[in-house]
Amino acid sequence: MAADPQIVSGITEKVLTHEVGAGAPCLKCGDKCPGLDLHFWRKICRNCKCKQEDHDVLSSISTRGINNIGKLLMQDREIAQQKPPKSNESSPPPKAPKAAAPPPAPKPVKQTIVNDTNSNVNGTAKSGDLNVTIDIGGKKHSLDFGGHAEQNDMPPPPNFGDQGSFPAPPPPIENDQLPEVPPLPQEFNEKVEIKEEKPAVIEEYQQTELKPEESLKSQESRLTPTMPPSSSDDEEKEYEWTPPVADQKLVTEYIEALPKDKQPVVGTAGAKYRKKQLMRQLPPHDQEPGECHDLTDQETQEMNLFVKQYRKKALGGGKVEENSKVKSCAECIQPLKVGDVIVWAERAGSEKYWHPGCFVCAECKELLVDLIYFYHEDKIYCGRHYCELHKPRCAACDELIFAPEYTQAEDCYWHLKHFCCWHCDQPLGGKNYVPHDNQPVCIPCYEKSFAHSCSTCKEIIAPNTEWVTFEEFHWHAQPECFKCTECSKSLVGKPCIPKGEMVFCCSQCKRAKIPPGQ
């Protein structure tokens, strides 16, 4: 399993996935974790055991899943564009062209020569055809209106009817034949005075009289036009992501409709929230076999088929638009007012709409990051929980299980090879283990890291033995350990008076061991 290659000194080097994001600080542990050291096949840090998304990794790492989703959505669009039209919508087959009637035999054409300063036309007439040579701009064009049409490089002349010749130009008009023009009416000879109208604002300023008793501030307020409030704060905001909407006002309304701590503003908690949800909701190992650890050929085929199916049946992107009529939110059932910004999912149909803050996963109730949803049985899910509806997920490597055999323990699923100790990776098949935070731990690791010591004998309390606990103190549930500190009477299954790491059978033994006032 490898990530994108890096080029060093002209040589391409593969970078292992568990090295990607190495050293990123942990957002949960702070300085207690020296930095992300990703386990080779688990999706956790070997230093602090926190998940990869709990570390401040680079954006290029957190967006790998959404990039894969984008490719899948683009594949859907390409497939839709390449689909042939349906049978009932198909265009009728083209009809066979009708046989054209043979053109009429050319008639004798009388030669007409037109002399012009920009073109020279010279022609010779023969019986039944006309061959004309035109010189336009120094380039000669040959026109054959008879039986030599294959040599023509100009369009045929227009048809002038049955006269059989070009029409002769009209005779020139003499000056004495020009019609008389009547004189203009008297009102057109009068001079028109154009009055210049001044703008209303200036006229208003001129009509305003300043009274001496008015204060300077009131006079300025009368003369100064009212300006709209500045929106410099909104213009300075830079977002990690915005919905693909052309209307910038709609984009701003959508962002402001989200909870304040979840708005994807650069450098804020909302940007970190988005980055974490990108890795959590859209893990790349749910979409790309190359992101998984050691898949067989059969498992790779199964995964490719699974991805193809959910891309076709469930995957979609929410649309942001302005509400045009009163509706109710599909999540909170509260009304959606006219003019409000809303989100709708195409796969859910045209009757379901959401408030921007209500477009959440039906399982984890987190905002669907970048509006990517998966639709199943009238509900919308994030990518992670949709996949878990159809495939078991390994509790160790966080990958979906496509193998025919796997293990189920502690209400979780495991690859057979991944049912190992959470600390030392020792296989636990057929061995005793202790569950700790829903993860199996072998007996030696448990006694070393999690087992308590008996307050009486100071020995380790083994996980397969009974013990008694009070606050931070522990005892073996045996007469020789859990006994009265003063008289050594066994207190197993009996009432007692605890005092720190000491226990007493009665108040008299307590006063004898601890003087009053202490």
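Only a predicted model underlies this, so the values are computations on that prediction, with no experimental measurement involved.

Things to note about the environment of Glu459
Relative to the helices and strands, Glu459 resides in the loop between α11 (443-449) and β17 (467-470). Measuring from C-alpha to C-alpha, the distance between Glu459 and His476 comes to 9.0 Å, with 17 residues separating the pair along the chain.

Structural notes on the nonpolar core
Core analysis: the largest hydrophobic core is formed by 49 residues, its most contacted members being Ile69, Tyr254, Tyr310, Trp354, Phe359 and Phe374. At the level of secondary structure, the elements contributing two or more residues to this core comprise α2 (64-82), α7 (248-257), α8 (269-281), α9 (297-313), β10 (341-344), β11 (372-376), β12 (379-381) and α10 (383-390). Residues within four places of Trp354 in sequence aside, it is in contact with Cys329, Ala330, Glu331, Leu336, Ile342, Val343, Trp344, Ala345, Ala348, Phe359 and Ile380. By size, the runner-up hydrophobic cluster in this structure holds 20 residues, among which are Phe419, Cys421, Val434 and Tyr446.

As for the pairing of β17
Where β17 and strand β18 (residues 473-476) come together, four bridges link them in antiparallel fashion. Paired with Thr469 across the strands is His474, a residue of β18. Linking two consecutive strands that pair antiparallel, namely β17 and β18, is a turn of two residues; a positive phi of about 55 degrees is found at Glu471 within it.

Observations concerning the sheet that holds strand β6 (residues 315-317)
The three strands are arranged β6-β11-β12 in an open sheet whose pairing can be described as antiparallel. Edge positions in the open sheet fall to β6 and β12, since each of these has one partner strand only. Sheet twist, expressed as the mean angle between neighbouring strand axes with direction ignored, is 45 degrees. Pairing of β6 with β11 involves three bridges; the strand directions are antiparallel. Looking at β11, one finds that Gly316 is bridged to Tyr373. Of the strands in this sheet, β11 and β12 are in contact with α10, which crosses β11 at around 25 degrees.

What to know about the confidence of the model for the chain
Across the chain, pLDDT averages 75, with 63% of residues at or above 70. Contacts for the low-pLDDT stretch residues 1-17, under 50 throughout, to residues beyond four places or in other chains number 31 contacts. Confidence drops under pLDDT 50 across residues 147-153; counting only partners more than four residues distant or on other chains, this segment forms 10 contacts.

Some thoughts on the pattern of salt bridges
Inspection of the entire model under this criterion finds 16 salt bridges. A salt bridge links Arg384 to Asp398, with the nearest nitrogen and oxygen atoms 2.8 Å apart. Here Arg384 is found in helix α10, whereas its partner Asp398 is found in the loop between α10 and β13 (407-409), with 14 residues between them in sequence. Here Arg384 and Asp398 have matching classes, each one buried. Three or more residues are tied together by salt bridges with common partners; here these are Asp286, Arg384, Glu388, Arg393 and Asp398.

Observations regarding the side chain of Asp398
Its relative accessible area of 17% is what places Asp398 among the buried residues. Looking at Asp398, its side chain comes within polar contact range of the side chain of His285, at 3.1 Å. A polar contact of 2.8 Å, which involves the side chain of Asp398, links it to the side chain of Arg384.

Details of the environment of Val503
In this structure, Val503 sits in strand β20 (residues 502-504). Separated by 21 residues in the primary sequence, Val503 and Phe482 place their C-alpha atoms 8.0 Å from one another. Once residues within four sequence positions are removed from consideration, Val503 is found in contact with Trp475, Phe482, Lys483, Cys484, Thr485, Leu491, Ile497 and Pro498.

Cut-offs applied
Each chain has its residues counted from 1, running along the sequence as written. For this predicted model, a pLDDT threshold of at least 70 governs which residues receive local features, and a threshold of 80 or more governs which side-chain atom pairs are given and counted, while totals over whole chains, interfaces and linings are taken from all residues. Think of the side-chain values as coming from all heavy atoms in the structure, minus any hydrogens and water. Under the DSSP-based scheme used, a helix requires at least four consecutive residues in state H or I and a strand at least two consecutive residues in state E, with every element numbered from the N terminus. Residues enter a nonpolar core if they are buried and are Ala, Val, Leu, Ile, Met, Phe, Trp, Tyr or Cys, with the set joined through side-chain atoms within 4.5 Å. With a 1.4 Å probe rolled over the protein chains alone, any residue whose accessible area is under 20% of its type maximum counts as buried; one over 50% counts as exposed, and the rest are partly exposed. The criterion used for residue contact is that any of the two residues' heavy atoms lie within 4.5 Å. Following DSSP output, two strands are said to pair if at least two bridges run between them. Interaxial angles span 0 to 180 degrees and are taken between N-to-C directions of axes, which are lines fitted to C-alpha atoms, for helices over the stretch in contact. For every residue, the predictor states its confidence as a pLDDT score lying anywhere from 0 to 100. Any Lys or Arg side-chain nitrogen located within 4 Å of an Asp or Glu carboxyl oxygen qualifies as a salt bridge. For the purposes of these results, a polar contact is taken to be a pair of N or O atoms within 3.5 Å, where, inside protein, one atom must be able to donate a hydrogen and its partner to accept one; residues adjacent in sequence count only when each atom of the pair is a side-chain atom.

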